[in-house]
Amino acid sequence: AAGVIQSPRHLIKEKRETATLKCYPIPRHDTVYWYQQGPGQDPQFLISFYEKMQSDKGSIPDRFSAQQFSDYHSELNMSSLELGDSALYFCASSFHNEQFFGPGTRLTVL
Amino acid sequence: LAKTTQPISMDSYEGQEVNITCSHNNIATNDYITWYQQFPSQGPRFIIQGYKTKVTNEVASLFIPADRKSSTLSLPRVSLSDTAVYYCLVGDRSNYQLIWGAGTKLIIKP
């Protein structure tokens, strides 16, 4: 069965650079969620989109933005990267309720 | 959004039944209880969801007492591969974000 696809799987950036993470939801899923999980931490909800509109916002820094496109894929744009942004970034998708998570993008900021 | 409390860690042995209890004293009428499993550096995986009484699927059972202020995830005959972090989440199905508390790190020993 198709799963959530995230790219890239690994990303290394330097401080103050920008990064773009991509998420391709499971076909026919209409909702996409972004989470950040720091080392040894629990996942923190960042933002979600339903039918290409922002549906909820969590602890997403102002330096980050996201959108969902007409084909339902989503991108998380991160600017002025800081060392503390180093984390696993998960995307999840759902149709109605249960969230299916992707494998994550590991972002390392040097 | 209701807050959940779980044990930080648990140990058990292969072949045993493991029960992980989660407290959610402020659960709202519309809230469902959902459990996720997460292996290191992987995205969380949905295990089971319920509203009241008992729910069973091919991997686990979920017991919810009448007052719904707690729930117990039951894993029958665990194996080494069940070593993971287990998260209990409570939320309205219409809520887009999931609030993740500190999960339970389950370690299965041979």
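Residues numbered from 1 in each chain as written. Chains lettered and ligands numbered in written order. Predicted model: local features only at pLDDT ≥ 70, side-chain atom pairs only at ≥ 80, totals over all residues. Heavy atoms only, no water.

Peer 1: It is not clear to me how the overall build of chain A should be interpreted in this structure. Could you clarify?
Peer 2: Across its full length, chain A holds zero helices and eleven strands. From first element to last, N terminus to C terminus, chain A shows the α and β order β-β-β-β-β-β-β-β-β-β-β. By the compact-globule yardstick of 13 Å for 110 residues, chain A fits well, its C-alpha radius of gyration being 13 Å. Principal-axis analysis of the C-alpha atoms places the extent of chain A at approximately 35 × 25 × 25 Å. Every one of the 110 residues in chain A was classed for burial, and the buried ones make up 46%. For chain A, the share of sequence-separated contacts (at least 6 apart) that also reach a separation of at least 24 residues comes to 52%. Just so you have it, chain A exposes about 5500 Å², and 50% of that area is on carbon and sulfur atoms. One way to put it: in chain A the 10 positive side-chain charges average out to a point 6 Å from where the 12 negative ones average out. (Helix = DSSP H or I, 4+ residues; strand = E, 2+ residues; numbered from the N terminus. Rg over C-alpha atoms; globule rule 2.2 N^0.38 Å. Buried < 20%, exposed > 50% of the residue type's maximum accessible area, 1.4 Å probe, protein only. Contact = heavy atoms within 4.5 Å. Areas by Shrake-Rupley, 256 points an atom, 1.4 Å probe, with all protein chains shown as cover. Lys, Arg positive; Asp, Glu negative; His and termini not counted. Charge placed at Lys NZ, Arg CZ, Asp CG, Glu CD.)

Peer 1: Explain the overall build of chain B here, please?
Peer 2: Within chain B, the regular secondary structure consists of zero helices and nine strands. Starting at the N terminus and walking to the C terminus, you meet the elements of chain B as β-β-β-β-β-β-β-β-β. For a compact globule of 110 residues, the expected C-alpha radius of gyration is about 13 Å, and chain B comes in at 13 Å, within 12% of that figure. Its C-alpha atoms give chain B principal-axis dimensions of about 40 × 30 × 25 Å. The buried share of chain B, taken over its 110 residues, is 45%. Intrachain contacts of chain B at a sequence separation of at least 6 include 57% that bridge at least 24 residues. Entry remark: accessible area of chain B is about 5600 Å², with carbon and sulfur atoms responsible for 50%. Here chain B holds 10 positive side-chain charges and 8 negative ones, and the gap between their average locations is 3 Å.

Peer 1: Help me understand the nonpolar core, please; the structure alone is not making it clear to me.
Peer 2: Across soluble globular proteins, nonpolar side chains have a tendency to be buried as a group. Grouped together as the largest cluster of nonpolar side chains are 22 residues, with contacts concentrated most on W34, L76, M78 and Y89 of chain A. Mapped onto this core, the elements with two or more residues apiece are β3 (19–24), β4 (31–37), β5 (44–50), β7 (64–68), β8 (74–78), β9 (87–94) and β11 (105–109) of chain A. Residues I47, A60, Y86 and I108 of chain B belong to the second largest nonpolar core, which totals 20 residues. (Core = buried A, V, L, I, M, F, W, Y, C linked by side-chain atoms within 4.5 Å.)

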